[in-house]
Amino acid sequence: MQTIFCKSETKINLMRAFAGECQSRQRYYQAALIAQQQEQIILERMFRFTAEQEERHAKQFFELLKDCAGEKIEITGSFPASVFTDIGELLKESADEEFHEFKEVYPVFAAKAREEGFADIAAKFEMISAIEESHHKRFEYYYDLWNKDMLQRSESTDELWLCLNCGHIHKGSEPPNECPVCGAKRGYFIRQTEAPFTDANMYK
Ligand SMILES: [Fe+2]
Ligand SMILES: [Fe+2]
């Protein structure tokens, strides 16, 4: 039997999810600014890219509350005060928070929604949870590179590095300190395999 939506726990969970997504979006946006200040442009772009996805998640959850439009919904929750300036700490905290979200929070919200008879909302929690898992992996991946000082170093001398500013491609175990075409600093170079739309294998 379906619970009345405006009296459901699912309504509260949607508001919790909305609050969480808004904060994730803001945390990643601020992390992007810190990365930019430290001339780590790849990480700036990565944080911005992820922040935009969190904004869309927030929108999805918010719109599911339309049947209770105008109501004030009280929630409780805990949110991380991850006010760090160290990029490693920002990456680690972000990876941990995503883990908590996809492993512990959204599966519980999905199960409750299903129990209350809201299968579509349960599916939405599950799909967004899967995205959060991919965010977790993304942050872990960059945290690992950062820790090993391999963000812009490769074991291979054939690695291709793409300048995110002008598109110049450099081959070598690491990018140049300055792009020979546009003068952008080293922080702009990303492994070509990690850059959107530009993986050489796509065009073979
Ligand atoms: Fe999200
Ligand atoms: Fe996320």
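Refer to the structure printed above.
Reference entry: report on the structure contained in this document. Within each chain, residue numbers correspond to sequence positions counted from 1 in written order. Written order determines the labels here, with chains lettered from A and ligands numbered from 1. In view of the model being predicted, local features appear only for residues whose pLDDT reaches at least 70, and side-chain atom pairs are presented and counted only at 80 or more, with totals across whole chains, interfaces and linings using the full set of residues. Excluding hydrogens and water, the side-chain values take into account all heavy atoms of the structure.

### So, the overall build of the chain
Item 1. A run of H or I in DSSP counts as a helix once it spans at least four residues, and a run of E counts as a strand once it spans at least two, with each numbered from the N terminus. Looking only at helices and strands, the chain features four helices and three strands.
Item 2. The order of α-helices and β-strands along the chain, N terminus first, is α-α-α-α-β-β-β.
Item 3. The buried label applies to any residue whose accessible area, calculated with a 1.4 Å probe on protein chains only, is under 20% of its type's maximum; exposed applies above 50%, and partly exposed to all values in between. Every one of the 204 residues in the chain was classed for burial, and the buried ones make up 42%.
Item 4. Two residues qualify as a contact provided that any one of their heavy atoms is within 4.5 Å of a heavy atom in the partner residue. Within the chain, residue pairs in contact and separated by at least 24 positions form 65% of the contacts whose partners lie at least 6 positions apart.
Item 5. Residue exposure ignores everything except the shown protein chains as possible cover, and the areas themselves are Shrake-Rupley values with a 1.4 Å probe. For the chain, the exposed area adds up to about 11400 Å²; of that, 52% sits on carbon and sulfur atoms.

### Some thoughts on the coordination of the iron ion (ligand 1)
Item 1. Looking at the iron ion (ligand 1), one finds its protein donor set to be Glu21 (OE), Glu21 (OE), Glu54 (OE), His57 (ND1) and Glu132 (OE), positioned 1.8 to 2.7 Å from the metal centre.
Item 2. We call an atom a donor if it is N, O or S and sits within 2.8 Å of the metal, or 3.2 Å for Na, K and Ca. Water is not counted, so some sites may look partial. Look at where the donors of the iron ion (ligand 1) fall in the sequence and you get E-x32-E-x2-H-x74-E.
Item 3. Taken as an interatomic distance, the gap from the iron ion (ligand 1) to the iron ion (ligand 2) is 3.7 Å; Glu54 donates to each of them. Of this pair, Glu21 sits in helix H1 (residues 9-37) while His57 is found in helix H2 (residues 41-63), placing the two residues 36 residues apart along the sequence.
Item 4. Using a relative accessible area of 5% as the deciding quantity, one classes His57 as buried.

### Section: the coordination of the iron ion (ligand 2)
Item 1. Coordination of the iron ion (ligand 2) by the protein comes from Glu54 (OE), Glu98 (OE), Glu98 (OE), Glu132 (OE) and His135 (ND1), over a distance range of 2.0 to 2.4 Å.
Item 2. Look at where the donors of the iron ion (ligand 2) fall in the sequence and you get E-x43-E-x33-E-x2-H.
Item 3. By relative accessible area, Glu98 is classed as buried at 0%.

### Let's talk about the environment of Lys137
Item 1. Its location among the elements puts Lys137 in helix H4 (residues 119-147).
Item 2. Overall, Lys137 belongs to the exposed group, its relative accessible area being 52%.
Item 3. C-alpha separation for the pair Lys137 and Ala195, spaced 58 residues apart in sequence, amounts to 16 Å.

### Here we look at the packing of aromatic side chains
Item 1. In this scheme Phe, Tyr and Trp rings, the latter by its six-membered ring, pair at centre separations within 6.5 Å, and the angle between planes marks the pair as stacked below 30 degrees, edge-to-face above 60, and tilted otherwise. By the definition in use, this model includes twelve aromatic pairs.
Item 2. Centroid distance Tyr28 to Phe47: 6.1 Å. Interplanar angle 40°. Geometry classified as tilted. Here the residue Tyr28 occupies a position in helix H1, and Phe47 occupies one in helix H2, the gap between them amounting to 19 residues.
Item 3. For Tyr28, a relative accessible area of 1% puts it in the buried group.
Item 4. An angle of 85° between the planes, with centres 4.9 Å apart, marks the rings of Tyr141 and Tyr142 as edge-to-face.
Item 5. Counting every residue linked through ring pairs, the aromatic cluster contains Phe61, Tyr106, Phe109 and Phe125.
Item 6. Counted as over-ring charges are cases with an Arg CZ or a Lys NZ within 6 Å of the ring centre that also lie within 35 degrees of the ring normal. Cation over ring: Arg25 sits above Tyr29, and NZ or CZ is 5.0 Å from the ring centre.

Interpretation note: all reported values are geometric properties and have no functional meaning in isolation.
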